[in-house]
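Summary of structural features
These are the residues of each chain, in order.
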Amino acid sequence: QVQLVESGGGLVQAGGSLRLSCAASGRTFSQYVMGWFRQAPGKEREFVATMRWSGISTYYADSVKGRFTISRDSAKNTAYLQMNSLKPEDTAVYYCAAAGFLQRPAVTTSDYAYWGQGTQVTVSS
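Here the structure is a predicted model, which means the values were calculated and not measured.

Reading the values: rules and limits
- Residues numbered from 1 in each chain as written.
- Predicted model: local features only at pLDDT ≥ 70, side-chain atom pairs only at ≥ 80, totals over all residues.
- Heavy atoms only, no water.
- Disulfide = S-S within 2.5 Å.
- Helix = DSSP H or I, 4+ residues; strand = E, 2+ residues; numbered from the N terminus.
- Buried < 20%, exposed > 50% of the residue type's maximum accessible area, 1.4 Å probe, protein only.
- Salt bridge = Lys/Arg side-chain N within 4 Å of Asp/Glu carboxyl O.

This brings us to the state of the cysteines. If you walk through the whole model with that rule in mind, you get 1 disulfide. Through a disulfide, C22 is tied to C96; the S-S separation comes to 2.1 Å. One disulfide, between C22 and C96, carries an S-S torsion of 60° and so falls in the right-handed class. Here the residue C22 occupies a position in strand β3 (residues 18-25), and C96 occupies one in strand β9 (residues 92-99), the gap between them amounting to 74 residues. Exposure class is identical for C22 and C96. Each is buried.

Written out as structure tokens, the structure is:
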């Protein structure tokens, strides 16, 4: 059973930074794809970023490209989402997710079998 636990959310002013962590357990993740999604109140969950656990390829939503960076520490079995230049519209609950290997970028919620509980990010103007 795969377990994902997010942390690192909080309240930050516009222009600030946060780093989210996703601690993974229960499997060897070398063949997995990791992703980050977010869901604002009244909106559907949307794709933010994804990477293969190998770290070779990453893919971002246009809205966060150049500001967010997805990465992982294999020794700690932990994925990260570094968020810089935050904007009020980045306010949402952020979820990490894990999927089996895919040839294409995993950008839809249905691509992912495992989800964390979410962490709140609030960006004030």
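For the coordinates displayed, the defined rule picks out 5 salt bridges. In this structure, the salt-bridge partner of K65 is D62, at a minimum N-O distance of 3.0 Å. A residue is classified by how much of its surface remains accessible, and D62, at 66% relative accessible area, is exposed. Within the structure, one salt-bridge network assembled from shared partners comprises R38, E46, R67 and D90.

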